[in-house]
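In case you want the letters, here they are:
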Amino acid sequence: MLQRLIRLALPAIAGVLVATGEASRAQDLPPGIDHIPTKEEFAKDNNLFLTFARKALKWDEPAEPVKIVGPLYFVGTEGLGSWLFATSDGLILLNTAMPQTADLIEQSIRALGYDPKDVKLIVNGHAHSDHAGAIAWFKEQSGAQLAVMEPDVAPMEDGGKTDFHYGADWKIMGFPPAKVDRVLRDGDTVRLGEVILTGYNTPGHTRGSTTWVTHLVDDGKAYTVVFPDGAGFNPGYRIAGDSPSYPGVTEDFRRTHHRLEMLKPDIWLGHHNEYYDLPGKRERAKTEGVNAWVDPEGYRRFIAHYKRDFEDEVDLELGVTPPKE
Ligand SMILES: [Zn+2]
């Protein structure tokens with residue numbers, strides 16, 4: 001029940017929490033919060049939203065790094081996905097979690113035997129603090145190049161001040177700004193060593209949300225790996241009607257859902273670990289190896305879930321259906 005309430009209240013970030021069946025407990029609630037706030041309470045209070053998500057979804061808790069496939073490793077926190085590609089020409093970092101957890105990501109990189117100073121390229125799913133939070137820090141450590149999808153360049157470089165939704169509350173929702181070295185357009189590729197990543201602009205959640213796609217080889221076998229982004233709306237977003245969060249947001253989300261449906265990953269990973277069941281797959285990987293991460297059906301369910309949530313919310317905003325419990 002707690003999981004269902006969290007999912008209803010935090011649709012975009014809690015995603016498929018319910019589907020994972022992970023038991024949640026009262027101690028998952030932040031100090032001073034005795035109930036799961038409603039979507040409306042979250043929408044009115046970004047600080048509450050952030051505090052709650054950090055605690056309930058374990059954004060700040062350390063996690064063991066783990067090999068996924070070929071040169072790809074998970075180096076995130078228990079709640080947030082960060083990814084390391086170890087290429088023959090250095091390291092690529094995809095997402096960095098919160099500003100406060102840079103050291104956890106660094107420890108994970110070191111635990112795998114790599115040096116954060118060897119990060120040569122940094123890419124991101126979207127310019128919010130839970131993914132872009134420590135980009136500035138890692139850039140400073142390594143001098144890495146930062147490549148960002150064009151519509152997210154401004155918020156990346158001003159720490160979220162120009163975010164269409166959170167910009168007004170930047171002091172709470174922002175992050176240390178990072179200078180962008182390469183501006184990407186939809187379908188552009190970035191490359192380091194033998195790893196090539198294709199970035200698709202999948203807007204909605206932010207205008208520059210980027211879904212990354214790559215093909216990796218492990219033990220002579222090739223795998224398509226997808227990091228979907230942009231599909232979810234947060235509390236307070238206006239995704240339909242006369243005063244949308246930004247003009248065209250409804251169409252952006254629908255186009256994004258369609259594009260994500262077209263992708264056919266063998267392995268898919270998310271910027272929030274509950275999306276793709278990190279705990280379950282990590283456990284199975286101990287005996288099954290790469291096969292534990294192969295999950296095309298889970299991807300299809302994930303996208304279908306987002307589409308349904310979105311269209312339900314559109315109906316709600318347009319007054320087509322009565323509010324649900
Ligand atoms: Zn976000």
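Look above for the structure.
A short tour of the structure in this document, coming up.

Each value, and the rule that gives it
Residues numbered from 1 in each chain as written. Predicted model: local features only at pLDDT ≥ 70, side-chain atom pairs only at ≥ 80, totals over all residues. Heavy atoms only, no water. Helix = DSSP H or I, 4+ residues; strand = E, 2+ residues; numbered from the N terminus. Buried < 20%, exposed > 50% of the residue type's maximum accessible area, 1.4 Å probe, protein only. Contact = heavy atoms within 4.5 Å. Areas by Shrake-Rupley, 256 points an atom, 1.4 Å probe, with all protein chains shown as cover. Donors = N, O, S within 2.8 Å, 3.2 Å for Na, K, Ca; no water. Polar contact = N/O pair within 3.5 Å; in protein donor to acceptor, adjacent residues only side chain to side chain. Pairing = 2+ DSSP bridges. Phe/Tyr/Trp six-rings, centres within 6.5 Å; stacked < 30°, edge-to-face > 60°. Axes fitted to C-alpha atoms, helices over the stretch in contact; angles between N-to-C directions. Salt bridge = Lys/Arg side-chain N within 4 Å of Asp/Glu carboxyl O. Expected span 1.5 Å × (residues − 1). Arc of directions from axis to C-beta.

**Digging into the overall build of the protein chain**
Here's step 1: Along the backbone of the protein chain there are 13 helices and twelve strands.
Here's step 2: Across the 325 residues that make up the protein chain, the buried fraction comes to 58%.
Here's step 3: By sequence separation, contacts in the protein chain at least 24 residues apart represent 64% of the contacts at least 6 residues apart.
Here's step 4: Carbon together with sulfur atoms contributes 51% to the accessible area of the protein chain, which is approximately 13800 Å² in total.

**Structural notes on the coordination of the zinc ion**
Here's step 1: Surrounding the zinc ion are the protein donor atoms His126 (NE2), His128 (ND1) and His205 (NE2), at 2.2 Å.
Here's step 2: Mapped onto the sequence, the residues coordinating the zinc ion show the spacing H-x1-H-x76-H. Note that His126 is positioned in the loop between β5 (119-123) and α7 (129-132) and His205 in the loop between β9 (195-201) and β10 (210-218), a separation of 79 residues in sequence.

**Comments concerning the side chain of His271**
Here's step 1: Within the secondary structure, His271 is located in the loop between β12 (267-268) and α12 (278-288).
Here's step 2: A distance of 3.4 Å separates a polar atom in the side chain of His271 from a polar atom in the side chain of Asp229.
Here's step 3: The residues touching His271, leaving out its near neighbours within four places in the chain, are Gly79, Leu80, Gly81, Asn95, His126, His131, Pro228 and Asp229.

**Let's talk about the pairing of strand β1 (residues 66-69)**
Here's step 1: Pairing of β1 with strand β2 (residues 72-74), which is carried by three bridges, proceeds in the antiparallel orientation. In the strand pairing of β2, Val69 is matched with Leu72.

**What about the packing of aromatic side chains?**
Here's step 1: For the coordinates displayed, the defined rule picks out 19 aromatic pairs.
Here's step 2: For the ring pair Trp137 and Phe138, a centre distance of 4.9 Å and an interplane angle of 80 degrees mean the geometry is edge-to-face.
Here's step 3: Owing to a relative accessible area of 31%, Trp137 belongs among the partly exposed residues under this scheme.
Here's step 4: You can call Phe138 buried: its relative accessible area is 0%.

**Comments concerning the sheet that holds β1**
Here's step 1: Spatially, seven strands are ordered β1-β2-β3-β4-β5-β6-β7 in an open sheet, and the strand pairing comes out mixed. Whereas interior strands pair on both sides, the edge strands pair on one side only; in this sheet they are β1 and β7 (182-184). Within this sheet the neighbouring strands show an average axis-to-axis angle of 25 degrees, counted without direction.
Here's step 2: Pairing between β2 and strand β3 (residues 83-87): three bridges, direction antiparallel. The residue of β3 that forms the bridge with Phe74 is Trp83.

**Side note on the side chain of His165**
Here's step 1: With respect to the element layout, His165 can be found in the loop between α9 (153-158) and α10 (170-173).
Here's step 2: The exposure class assigned to His165 is buried, which follows from its relative accessible area of 19%.

**Digging into the pattern of salt bridges**
Here's step 1: Under the criterion given, the structure shown has 16 salt bridges.
Here's step 2: Across the salt bridge formed by Asp60 and Arg54, the nearest N and O atoms sit 2.8 Å from each other.
Here's step 3: Overall, Asp60 belongs to the partly exposed group, its relative accessible area being 28%.
Here's step 4: For Arg54, a relative accessible area of 22% gives the class partly exposed.
Here's step 5: Of the charged contacts in the structure, one is a salt bridge between Glu78 and Arg282, with a shortest N-O distance of 2.9 Å. Residue Glu78 is found in the loop between β2 and β3, and its partner Arg282 is found in helix α12; the two are separated by 204 residues along the sequence.

**As for the sheet that holds β9**
Here's step 1: Judged by pairing direction, the sheet is mixed, and its five strands sit side by side in the order β8-β9-β10-β11-β12 without closing on themselves. Here the strands that pair on one side only, and so sit at the sheet edges, are β8 (189-192) and β12.
Here's step 2: Pairing geometry for strand β11 (residues 221-227) and β12, over two bridges, is parallel. Paired with Val226 across the bridge in β12 is Trp268.

**Observations concerning helix α13 (residues 296-318)**
Here's step 1: Along its 23 residues, α13 runs 33 Å from first to last C-alpha, staying within 8% of the 33 Å computed at 1.5 Å per residue.
Here's step 2: When we look at burial in α13, the residues that qualify are Gly298, Tyr299, Phe302, Ile303, His305, Tyr306, Asp309, Phe310, Glu313 and Val314.
Here's step 3: Positive backbone phi, approximately 75 degrees, marks Gly319, located one or two places after α13.

**Quick look at helix α11 (residues 249-262)**
Here's step 1: Taking 1.5 Å of rise per residue, the 14 residues of α11 would be expected to cover 20 Å, and the 20 Å separating its terminal C-alpha atoms lies within 8% of that figure.
Here's step 2: Here α11 has its buried residues at Val249, Thr250, Asp252, Phe253, Thr256, His257 and Leu260. The buried residues of α11 occupy an angular sector of 165 degrees when the element is viewed end-on, so they sit on one face.
Here's step 3: Looking at the packing, one finds that the buried side of α11 touches β10 and α13.

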